[in-house]
Amino acid sequence: MSDSTSTSTDTTSPTAASTGSANGSTARPEGGFFPPRKVILTKEHLEAFQQSRTHEAIVGYITALNECVVGVKLTDECAVSPAVQAVLDILDRVAETARNIPPVDNKASRFGNPAFRTFYDKVSEIAPELHRKIPGLPEAAIPEVSVYFDEAWGNRTRIDYGSGMELNFLCWMICLEKLGVFQESDHVALVIKVFWKYIEVMRVLQSSYWLEPAGSHGVWGLDDYHFLPFLWGAAQLRGHKYIRPKSIHDADTVEEFSKHYMYLACIKFINSVKTASLRWHSPMLDDISAVKTWDKVNSGLLKMYLAEVLGKLPVMQHFLFGSILAWDGPLPAVPAGSPGQDDAHWGHAHAMGDRGGVGQRENGWGDCCGIPVPSVFAAKEAEERKRAPGATLAGPGIRPVPFD
């Protein structure tokens, strides 16, 4: 994304209608709550989604949270409501669950660790109990809301993680706000406390279970897993007196300010697990660093998210529609002989030819079942074994190796 292509009209004016929480109102679906299901199979379905109220709600929520953290540091004090604290406690419980389920001995493989499936099953098992601790959440809504929660940690079958799973966590927060659990006054805390805690938990899962990047080239060129920390992280830096987009190339700046800003924290993470320059392993981030202002970076990333996440069939074919985030149009017919929505390849636009996915229409890169890519953490350990036989992954302090 160059400076000239990063400019955009102002699309960051959130509306109360988009977030579904105007005046603290609670969404009560007329037909009752039900577990979300996949609907999008074709480009036509995707185009219908892009014109829907659900798409408007998602974009409105992203922009609302984006605007509320302009100039805000991760280390700033902010109000933490009982609902926000309950969610932070839930995220701590998820992290504890991961610590109690260590990876199995999987030295023969550089791909996802099977212990992730045990972790996933355990989180799904305790999810109803965890949701009952959220003040103001209707009991009847738990089976619907908890599906987004379960799917926010990665794909159980493929043991991978990408922008679609990150979107599930965002949708979980949207649902809680639509149900009156969160209020507009919680928005700052939702970004710098709740969402950032989620990212920290995900780093634990990614490094422990070697989650593969979903799709064949990561999350559309930013890093292997995430997008929103860059978007909201750029908002945090808008108007900063000294830190410029090009400052990501200054190691001292990244080290000193990564504890305050998500964008720099993500750059620090990338530098800790990959060697060489950003130009080599993260060319999009390198291009973005040439943009003059964080305002242009922020608006450009928002446009990129709309196009490359919410506008890409390989990502949105996994999106889950329920009564809170509803599908507006008629439900598509499922082709005869399809494996059903619970199948890991239901409705997929695969990257590598016809693999029997339902309604498959696409070729090219995908955020789904493309060429399997080893976790960068697995690549690290493999290199460590070459240098010191018997060595094991030791955590964030291990030496970086070239990304492969």
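For the structure itself, consult the block above.
Residues numbered from 1 in each chain as written. Predicted model: local features only at pLDDT ≥ 70, side-chain atom pairs only at ≥ 80, totals over all residues. Heavy atoms only, no water.

> For the overall build of the chain, give the residues involved together with the corresponding values.
Check the secondary structure of the chain and you find 17 helices and four strands. Taking all 404 residues of the chain together, 56% fall into the buried category. Pairs at least 24 apart in sequence give 77% of the contacts found in the chain among residues at least 6 apart. Element-wise, carbon and sulfur atoms account for 53% of the exposed surface of the chain, whose accessible area totals about 16,400 Å². (Helix = DSSP H or I, 4+ residues; strand = E, 2+ residues; numbered from the N terminus. Buried < 20%, exposed > 50% of the residue type's maximum accessible area, 1.4 Å probe, protein only. Contact = heavy atoms within 4.5 Å. Areas by Shrake-Rupley, 256 points an atom, 1.4 Å probe, with all protein chains shown as cover.)

> Any details on the packing of helix 10 (residues 228–236) against helix 15 (residues 294–308)? Residues and values, ideally.
At a closest axis distance of 8 Å, the pairing of helix 10 and helix 15 adopts a crossing angle of 150°. What the angle tells us is that helix 10 and helix 15 run roughly antiparallel. Helix 15 is crossed by helix 10, and the crossing has left-handed handedness. Touching Leu228, Phe230, Leu231, Ala234 and Ala235 of helix 10 are Trp294, Val297, Asn298, Leu301, Leu302 and Tyr305, all from helix 15. Within the contact of helix 10 with helix 15, the residues separate by chemical class into 10 nonpolar, one polar and no charged. (Axes fitted to C-alpha atoms, helices over the stretch in contact; angles between N-to-C directions. Parallel < 35°, antiparallel > 145°, perpendicular 65-115°, else oblique. Left-handed = near helix turned anticlockwise from the far one by under 90°. Nonpolar A, V, L, I, M, F, W, Y, C, P; charged D, E, K, R; others polar.)

> Mind laying out the pattern of salt bridges, listing which residues take part and the relevant values?
Scanning all chains against the criterion turns up 12 salt bridges. A salt bridge links Glu129 to Arg93, with the nearest nitrogen and oxygen atoms 3.1 Å apart. One end of the pair, Glu129, is in helix 6 (residues 115–131); the other, Arg93, is in helix 5 (residues 82–100), and 36 residues separate them in sequence. Relative accessible area serves as the criterion here: at 33%, Glu129 is assigned to the partly exposed category. For Arg93, a relative accessible area of 26% corresponds to the partly exposed category. With a shortest N-O distance of 3.7 Å, Lys133 and Glu129 are connected by a salt bridge. Residues joined by salt bridges that share partners form a network here, namely Glu67, Arg238 and Asp295. (Salt bridge = Lys/Arg side-chain N within 4 Å of Asp/Glu carboxyl O.)

> How would you explain unusual backbone geometry if you had to name every residue and give the values?
The backbone of Ile159 sits at a positive phi, close to 50°, despite the residue not being glycine. Along the chain, the position of Ile159 falls in the loop between helix 7 (142–150) and strand 2 (160–161). Within the chain, Trp210 stands out as a residue other than glycine whose phi angle is a positive 55°. Assignment of secondary structure puts Trp210 in the loop between helix 9 (187–209) and strand 3 (212–213).

> Which residues make up the packing of aromatic side chains, and what are the values?
A full pass over the atoms with the stated rule returns 21 aromatic pairs. Geometrically, the ring pair formed by Phe149 and Trp153 is edge-to-face, given 5.5 Å between the ring centres and 85° between the ring planes. With relative accessibility at 0%, the residue Phe149 sits in the buried group. Ring geometry for Phe169 against Tyr198: centres 3.9 Å apart, planes inclined by 5°, an arrangement best described as stacked. A residue pair is termed long-range when its members are at least 10 positions apart, and Phe169 in helix 8 (residues 163–178) and Tyr198 in helix 9 qualify at 29 residues. Both residues of the pair, Phe169 and Tyr198, belong to the buried class. One aromatic cluster is present, formed by Phe149, Trp153, Phe169, Trp172, Phe195, Tyr198 and Trp232 through successive ring pairs. Over the ring of Phe269 we find Arg203; its NZ or CZ atom is 3.6 Å from the centre of that ring. (Phe/Tyr/Trp six-rings, centres within 6.5 Å; stacked < 30°, edge-to-face > 60°. Lys NZ or Arg CZ within 6 Å of the ring centre and 35° of its normal.)

> Quick one: what's the story with the environment of Ser163, residue by residue and with numbers?
Mapped onto the secondary structure, Ser163 falls in helix 8. For Ser163, a relative accessible area of 0% corresponds to the buried category.

> Help me get a handle on helix 5, residues and values and all.
Side chains three or four residues apart in an α-helix point the same way, a direct result of the helix having 3.6 residues per turn. With 19 residues, helix 5 extends 27 Å from end C-alpha to end C-alpha; this agrees with the ideal 27 Å at 1.5 Å per step. Taken together, the buried positions of helix 5 are Ala83, Val84, Ala86, Val87, Leu88, Ile90, Leu91, Val94, Ala95, Thr97 and Ala98. The inward-facing, buried residues of helix 5 contact helix 6, helix 7, helix 8 and helix 9. (Expected span 1.5 Å × (residues − 1).)

> Can you break down helix 7 residue by residue, with the values?
Of all nine residues in helix 7, eight are buried; the element is thus mostly enclosed. By the burial criterion, the buried members of helix 7 are Ile142, Glu144, Val145, Ser146, Val147, Tyr148, Phe149 and Asp150. Where helix 7 is buried, its residues contact helix 5, helix 6, helix 8 and strand 4 (320–321).

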